[in-house]
Amino acid sequence: MTKLFNDKNFWKTAIKLSIPVALQNLLTSSFTLADTLLVSSLGTVALSSVGMMGQWAWLMNMILIGFCSATTVFISQFWGVKDLKKIRRISGISIIFALSVALLFTVVSLAIPQGVVRIFNSDKEVISAGAQYLRFVAFSYIPVALTNILAAILRAVENVKLPMYVSGFTTLLNIFLDYSMIFGKFGFSKLGIRGAALATVISAWLGVVLIIAVSIIQKNILIGKFRQFFSFSKQELTAYLTKAWPVVLNEGMWGAGTFVYNIVFGNMGYEYFSALTIVRSFENISFVLFLGLGSAASVMIGKSIGQGKIERGLLDSKRFMIIIPTLAVIISALIVIFRGQLISIFNMGNNISNTTLSTAMTIMAIYAVAFTFRTMPYLEVVAIFRSGGDTITGAKYELFCLWALSVPATVIAVYFFKVPFVVAFAIMYIFEDIPKNILCMRFYLTKKWIKPVTDEGIRGLEEYKKRKVGEK
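Reference entry: report on the structure contained in this document. (Residues numbered from 1 in each chain as written. Predicted model: local features only at pLDDT ≥ 70, side-chain atom pairs only at ≥ 80, totals over all residues. Heavy atoms only, no water.)

**Things to note about the packing of helix α3 (residues 44-80) against helix α13 (residues 288-307)**
For the pair α3 and α13, the least separation of the axes is 7 Å and the interaxial angle reads 55°. Judged by the inter-axis angle, α3 sits oblique to α13. Two packed elements cross with a definite hand, and for α3 against α13 that hand is right-handed. On the side of α3, the interface is formed by Thr 72, Ser 76, Gln 77, Trp 79 and Gly 80, while α13 contributes Ser 298, Val 299, Gly 302, Lys 303, Ile 305, Gly 306 and Gln 307. The residue makeup of the contact of α3 with α13, split by class, is three nonpolar, eight polar and one charged. (Axes fitted to C-alpha atoms, helices over the stretch in contact; angles between N-to-C directions. Helix = DSSP H or I, 4+ residues; strand = E, 2+ residues; numbered from the N terminus. Parallel < 35°, antiparallel > 145°, perpendicular 65-115°, else oblique. Left-handed = near helix turned anticlockwise from the far one by under 90°. Contact = heavy atoms within 4.5 Å. Nonpolar A, V, L, I, M, F, W, Y, C, P; charged D, E, K, R; others polar.)

**A short note on the packing of α3 against helix α12 (residues 270-286)**
Direction vectors running N to C along α3 and α12 enclose 65°, while the axes themselves pass 8 Å from each other. In the crossing of α3 with α12, the sense of the turn from one axis to the other is left-handed. Taken together, the residues of α12 that come into contact with α3 (itself represented by Thr 44, Val 45, Leu 47, Ser 48, Gly 51, Met 52 and Gln 55) are Tyr 270, Glu 271, Phe 273, Ser 274, Thr 277, Ile 278 and Arg 280. Across the contact of α3 with α12, the residue classes tally to six nonpolar, six polar and two charged.

**As for the nonpolar core**
Counting 139 residues, the largest nonpolar core has Tyr 141, Phe 265, Phe 320 and Trp 449 as the members making the most contacts within it. Sort the elements by how many residues they give to this core and α3 lands first, with 20 residues. Contact partners of Tyr 141, with chain neighbours within four places excluded, come to Trp 56, Ala 57, Met 60, Ala 102, Phe 105, Thr 106, Ser 109 and Leu 134. (Core = buried A, V, L, I, M, F, W, Y, C linked by side-chain atoms within 4.5 Å. Buried < 20%, exposed > 50% of the residue type's maximum accessible area, 1.4 Å probe, protein only.)

**Considerations on the packing of aromatic side chains**
One pass over the full model with this rule turns up 25 aromatic pairs. Between Phe 176 and Phe 188, the ring centres sit 6.4 Å apart and the planes meet at 80°, which makes this aromatic pair edge-to-face. Highlighted residues: Phe 176 in helix α8 (residues 161-183) and Phe 188 in the loop between α8 and α9 (193-218), separated in sequence by twelve residues. Aromatic pair Phe 265 and Phe 421: ring centres 5.1 Å apart, planes at 65°, arrangement edge-to-face. Here the residue Phe 265 occupies a position in helix α11 (residues 234-266), and Phe 421 occupies one in helix α17 (residues 421-446), the gap between them amounting to 156 residues. Assigned by exposure class, Phe 265 and Phe 421 land together as buried. Here the aromatic cluster, defined as three or more aromatic residues joined through ring pairs, consists of Tyr 261, Phe 265, Tyr 272, Phe 290, Tyr 367, Phe 371, Phe 421, Phe 425 and Tyr 429. The residue whose ring lies beneath Arg 319 is Phe 10, and the NZ or CZ to ring-centre distance is 4.8 Å. (Phe/Tyr/Trp six-rings, centres within 6.5 Å; stacked < 30°, edge-to-face > 60°. Lys NZ or Arg CZ within 6 Å of the ring centre and 35° of its normal.)

As structure tokens, then:
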């Protein structure tokens, strides 16, 4: 074990890549947490409405993550051999798809805002507040999509600081604007829930402007002639889609599955959904370290495999397979111990119902127990399998466990057996995470996920296989 981790270069690279990404996601999650905290002072209905619309935006983000992951598969491996031309063409393809997804969600949100809210809850107050919020916040979807894809490109070429700094600026700006526009401070009008939406829109657009402006100064990978990004060939587009469609389908269908959960939970009562909104605010923060480590693992493993250094890629994957569950157990214990203090933050104005607070206490404990079981498949599917070039197998496992096991079990438990909210919440985790852990671990051990997209990687894999045959 000591020999496995006695590698200064590994730790130096892992820390360099993971900490900025973790900080960026911490800032982004703090952005959401601050939004939720300030909106909670407006009452349970407002909190529930914003939480539901957050899940609508989350569905869009899951699809975008699919394209970001596919982009990372190619760019991290092309970065290993410094093929800048192909990196820019893949970037152009990614930008087109990301904008298309964001435009679709924007149009639907503006055309039928009440219809979107009604998916989650039929309460008139919730529909009115949610539609009011959605009409404004929909204008943030395009800049959010651009920020996500540009940040993914930068991280894949090991430029992790720029996205982090931009997230820091937009988070602080959003908190300031949230406070000012919700409550009418510093010369702003008192806009309530609309103020929260407008603050998000302004912060999101300024984030895109900052990334592009700093990139021009740095002259980084994002800056080049138009044709360098959008003169990709049909063959390159086909290769991208071949790798991208399983990832996008995976993230999109996983997001759709979670969307179904939200519909089920939302229709069990807006007080319960408010509890879920509180827990998810902390869920995002508790997961930030693993997003950073997963991003580092993806770049490091993908870069090694792209260079044909198969043993190095395998060794790094093994290291992350030990580091991540160890940290997950520690964080799980901290969540259980401090959940009371964390949840009480949301009731500083005494506007949150006792049902919401007691439910949040229970489901946060359930989430803490499930936390380790959720981090392992995330590492394997997103960071290891995809960076190795296999975007299909992980998608199969995730969609099977979600749609064939967890979603049916949760729906049946709620609508046929009429189980309480907290029981339904636990069933969701049990039927998804336990079988997924077993399937992913078995496939990881086969090493069949190593599927390079570069010529150097393909040659390296052939040589690796020959050496293994010779050793036998």
